[in-house]
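Architecture at a glance
Single-letter residue listing:
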Amino acid sequence: MVGYDPGSQCTTLSTVEVAAAGSLSGLVTRALISPFDVIKIRFQLQIEQLSPQNPQAKYHGMLQATKVILKEEGLSGFWKGHVPAQLLSINYGAVQIYKTLRQAIVTMYKTEGPLTFYRGLTPTMIAIFPYAGFQFSFYNVLKRIYEWAVPATGWKKAVWAHTSEALSRNMGDTVKEECKMQSLNADTQKLLKTALKDPSSVDLEKVANVIVDQALKDAIFSKEAGRICYTVIQAESKQTGQSTFRHGLLNRLQQEYAGREEMRARSLQEWVRYVRLICNIFDYLRVNNMPMMALVNPIYDCLFLLAQPDSLQEEDEVDCLVLQLHRVGDQLEKMNTQRMDELFVLLRDGFLLEGGLSSLAQLLLLEIIEFRAAGWRTTDAAQKYYYSEVTD
């Protein structure tokens, strides 16, 4: 992109900030080059040849046209609206007897010569150079004003708080050997511990149901459930070579998946825990060292539901969506790139078009869009922008 410098400070700006500065710089620049545009349009609309030897030609040069417009219309004449100019052009075309594009080209060529197609080229070329220069100059000035007037400290701290789980996972040291089950009652703890040590001695389908039930009630447990399931599957495979627990787990997840919309309507928190659970399980479980294909489309469907306009109004759902994409987005994209592209179209549209999004929701969406664009990693610029406040 013209003017883009990966090492500059502007890479730390959000899309909203870039859009605001760019829009304002474009507005100022357009006002400055308007006189050139007015002269160009006058040249294009003039029927007579642009020549001082033609007594019927009103305009025949840049300097002469500038003097005429200034004398007849005053200084404001150089900033007359673009819409009236376009209407004039349309009316002018309407009174000619050009019936087709081909007839217009042939008639203009025969009556006015090949140079008629380049009327207004000189002021257009002259306008290009200051336009580009002014735009980037004013962009930098307005960017600095925006940074001074709207500090982003509060947003940075908020997004750090909502994505620290994903970042800590990316930085490692999240897989612990002992399962944390303090929130469970004594009977459930005993059942799970037995399943982990001696899976053949318990009803593994019951164990699968207990894990899902507890995860839907307990947000903390839903984060641990994937690792617990992985350990039970490994223990069963080693002890008996069977997969009873895995089949029971997938069946229960499928049942909950079928009623996902009703679940969301019934309890937003339960719905968020289910998404966290199924993504957590997908992240841990492997079949022949490959992610479980049976979970790919159900997870995509859940993420698409989280990306709908009404869901983006809920910070808890946006938070869940972003965290799960941090966790399994890279794996999901490798399994189905097209669906990931479609999902991020929804996220970009939601960020750019949907009204009523909170500042935190906007920032979370922007962060995950940049995270994927960087190859599912946090760049130095993103680290500095989103998370620098933590170390300050």
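All values derive from a computational prediction rather than experimental measurement.

What counts, and at which threshold
Residues numbered from 1 in each chain as written. Predicted model: local features only at pLDDT ≥ 70, side-chain atom pairs only at ≥ 80, totals over all residues. Heavy atoms only, no water. Helix = DSSP H or I, 4+ residues; strand = E, 2+ residues; numbered from the N terminus. Core = buried A, V, L, I, M, F, W, Y, C linked by side-chain atoms within 4.5 Å. Buried < 20%, exposed > 50% of the residue type's maximum accessible area, 1.4 Å probe, protein only. Contact = heavy atoms within 4.5 Å. Salt bridge = Lys/Arg side-chain N within 4 Å of Asp/Glu carboxyl O.

**Digging into the environment of Q254**
Structurally, the position occupied by Q254 is in helix α10 (residues 244-258). As for Q254 and I278, which are separated by 24 residues in sequence, their C-alpha atoms are 9.9 Å apart.

**Brief notes about the nonpolar core**
Judged by nonpolar contacts, the single largest core of 71 residues is most densely connected at F245 and L325. No other element matches helix α12 (residues 268-284), which puts 10 residues into this core. Among all residues touching F245, those that are not within four sequence positions of it are L204, V207, A208, I211, C229, V232, I233 and E236. Counting residues in each nonpolar core, the second largest holds eight residues, with V38, I39, Y59 and F78 among its members.

**Re unusual backbone geometry**
Located in the positive-phi region is W376, a residue other than glycine, with phi close to 60°. Mapped onto the secondary structure, W376 falls in the loop between α17 (359-373) and α18 (380-391).

**Quick word on the pattern of salt bridges**
A full pass over the atoms with the stated rule returns 11 salt bridges. In this structure, E317 and R264 form a salt bridge, with 2.7 Å as the shortest nitrogen-oxygen distance. With a gap of 53 residues between them, E317 in helix α15 (residues 315-335) and R264 in helix α11 (residues 260-266) connect regions that are remote in the sequence. For the pair E317 and R264, a shared accessibility class is recorded, and that class is buried. Among the ionic pairs, R372 bridges to E333, the shortest N-O distance being 2.5 Å. You can see R372 sitting in helix α17 and its partner E333 sitting in helix α15, a full 39 residues away along the chain. For the residue pair R372 and E333, the accessibility class agrees, reading buried in each case. What emerges from the salt-bridge pattern is a single network uniting D213, R252 and E256.

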